[in-house]
Amino acid sequence: MRARSTPLPRGRPFASSSARRKPPEFGVGCVAARKVQPGMRVHTARHAVNTALNEVEFRLQRPVVRSMPQNVDIVLTKACNLACTFCVDYETPGAKRISLENFEKVARQLFPTARLVSMCSGGEPYLHKGLEDLLRIARRYQLETWVLSNGMLLKEDRVRTIVREGLITLHGFSVDGFEAPTVEAIRVGANLPTILENIRMLLRIRDEEGKSEPRIIMRYALMRSNLDELPAAVHRWGEMGIDRIDCNYVVICNGIDHQESLYFHQDRMQRVFVEARTIAARYPRLALRLPATVREEEANKTRPKKCKYPWSFVKIDTDGRVLPCYRAWEALSMGTVYDQDGRPFSELWNSEPYQALRGTVNDDSVEKFFPYCSRCDYRYGWGELRQHLGYEEWAQAVGLTPEHVDHRRDPRASAPTLRK
């Protein structure tokens with residue numbers, strides 16, 4: 001599966017990640033001091049120094065930085081076994097998966113100072129035959145690792161190896177609903193009983209191996225079609241012993257009916273959120289993360305949040321392209337870090353384009369280097385109608401022509417309940 005509960009690549013469902021975008025709790029902007037839980041990685045002094053410097057440079061809005069990204073998202077593959085209706089499936093010239101050699105090249109440049117490596121964009125990570133070897137590289141640098149799967153392809157031998165060797169810190173599963181027909185209409189090609197069986201297998205193996213990791217995170221992209229099933233889903237995950245549920249708004253794209261957006265169902269959304277929180281309270285171990293409601297987000301229209309991504313985050317695509325955020329896709333590349341035209345990341349990180357991006361992203365008195373920064377939901381929230389009218393709005397903002405708007409490469413991605 002590809003995965004944001006808000007936006008991503010071939011294989012990355014275009015769900016808002018308030019995550020869907022952000023990876024879990026070790027995301028951009030983490031402070032250096034953090035209580036270490038049993039079984040968690042202990043970051044190095046270099047990680048801590050970089051985190052502190054990164055925070056200072058962000059607060060000062062420096063266009064030229066000495067710190068390096070805290071969160072590195074590496075697209076392992078564009079291959080996927082599903083055809084999710086809200087997947088942003090953009091083309092990558094050349095490589096469709098990252099090689100071990102290129103992963104090592106990225107690791108040497110970015111992992112000594114990063115706190116988290118995310119493998120949650122692109123396609124289904126378990127389709128990469130070298131997944132365990134890539135994770136072993138990350139483990140050498142004492143990084144937190146975040147892997148997001150659709151849950152269909154887990155095999156006991158691979159899962160036991162991952163758990164036994166402590167290769168994954170946070171393991172996410174994207175399951176958008178409680179009933180099989182709902183989940184399987186949204187993630188075309190999925191089979192909910194298989195997914196549930198595989199999640200139970202991971203929990204069982206974790207217990208058998210006496211491990212506290214990986215912690216299990218459920219991702220739920222909220223929309224009209226699955227909203228009412230959220231309380232039942234919370235009950236299920238609480239009973240199973242899941243660690244956290246991350247919910248985010250789905251982003252309308254690929255011809256999905258605009259009425260799927262919860263912008264048009266705000267009272268119903270608030271009622272369901274109250275019920276979901278009530279059920280979650282019965283399970284002390286379970287953390288339920290719900291997005292701010294549309295009404296709560298309205299304040300961001302006049303008081304936008306500051307975006308940290310140009311300082312704290314980087315995404316490396318399968319062809320080596322450096323992308324500054326999950327809204328960049330094919331619209332904005334900062335260069336490449338491997339293959340024939342590759343450059344050292346340190347050169348790209350303080351290049352003129354990166355400086356221009358940092359200098360304009362949070363300054364609303366100047367023209368933005370990346371046009372979408374002037375209306376991005378990361379800064380301005382989900383309180384505006386235009387954020388709920390379709391992916392076309394993003395394309396218009398970044399100057400793409402209409403024929404580039406529909407990113408489905410797989411004709412299966414057309415569930416009747418989600419079609420316009």
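Note that the coordinates shown come from a computational prediction; the quantities given were computed from them, not determined experimentally.

A.B. asks: Quick one: what's the story with the pattern of salt bridges, residue by residue and with numbers?
C.D. replies: By the definition in use, this model includes 27 salt bridges. Its salt-bridge partner being Glu 209, residue Arg 164 comes within 2.8 Å of it at the nearest N-O pair. Of this pair, Arg 164 sits in helix α4 (residues 156–165) while Glu 209 sits in the loop between α6 (192–208) and β9 (215–222); the two residues are 45 residues apart in sequence, bridging distant segments of the chain. A salt bridge links Arg 321 to Asp 319; the nearest nitrogen and oxygen atoms lie 2.9 Å apart. Both residues of the pair, Arg 321 and Asp 319, belong to the buried class. A single salt-bridge network, built from bridges that share partners, covers Glu 156, Arg 160, Arg 164, Arg 204, Glu 208 and Glu 209.

A.B. asks: Go over the confidence of the model for the protein chain, please, and point to the residues and values.
C.D. replies: Averaged over all residues, the pLDDT of the protein chain is 84; the fraction at 70 or higher stands at 81%. This model gives residues 1–40 a pLDDT under 50, and the stretch forms 223 contacts once residues within four places in sequence are excluded. A low-confidence stretch, residues 415–420 (pLDDT under 50), is modelled with 23 contacts involving residues beyond four sequence positions or located in other chains.

A.B. asks: I'd love a proper account of unusual backbone geometry, names of residues and values included.
C.D. replies: Of note, the bond from Glu 213 into Pro 214 is cis; its omega dihedral lies within 30 degrees of zero at 5°. Within the secondary structure, Pro 214 is located in the loop between α6 and β9. Of note, the phi angle at Gln 61 is positive, near 55°, even though the residue is not glycine. Mapped onto the elements, Gln 61 comes out in the loop between α1 (45–59) and β2 (71–74). Taking relative accessible area as the criterion, Gln 61 reaches 21% and is therefore assigned partly exposed. The residue Gln 142 is not glycine, and still its phi comes out positive at about 55°.

A.B. asks: Quick one: what's the story with empty space enclosed by the protein, residue by residue and with numbers?
C.D. replies: A water-sized probe, rolled over the atoms, reveals where empty space remains. Quantified by volume, the largest cavity comes out at close to 150 Å³. If you trace the largest cavity, you find 14 residues lining it, with Cys 307, Cys 325, Val 361, Cys 373 and Cys 376 closest to the centre. Counting only elements with at least two residues in the lining of the largest cavity, the list comes to α10 (309–312) and α13 (377–380). Across the lining of the largest cavity, the residue classes break down as twelve nonpolar, no polar and two charged.

Definitions and limits used
- Residues numbered from 1 in each chain as written.
- Predicted model: local features only at pLDDT ≥ 70, side-chain atom pairs only at ≥ 80, totals over all residues.
- Heavy atoms only, no water.
- Salt bridge = Lys/Arg side-chain N within 4 Å of Asp/Glu carboxyl O.
- Helix = DSSP H or I, 4+ residues; strand = E, 2+ residues; numbered from the N terminus.
- Buried < 20%, exposed > 50% of the residue type's maximum accessible area, 1.4 Å probe, protein only.
- pLDDT = per-residue confidence, 0-100.
- Contact = heavy atoms within 4.5 Å.
- 1 Å grid on protein atoms, 1.4 Å probe; cavity = no way out; pocket = protein on both sides within 12 Å on 5 of 7 lines; lining within 4 Å.
- Points joined across faces, edges and corners; volume = space filled by probe spheres on them.
- Nonpolar A, V, L, I, M, F, W, Y, C, P; charged D, E, K, R; others polar.

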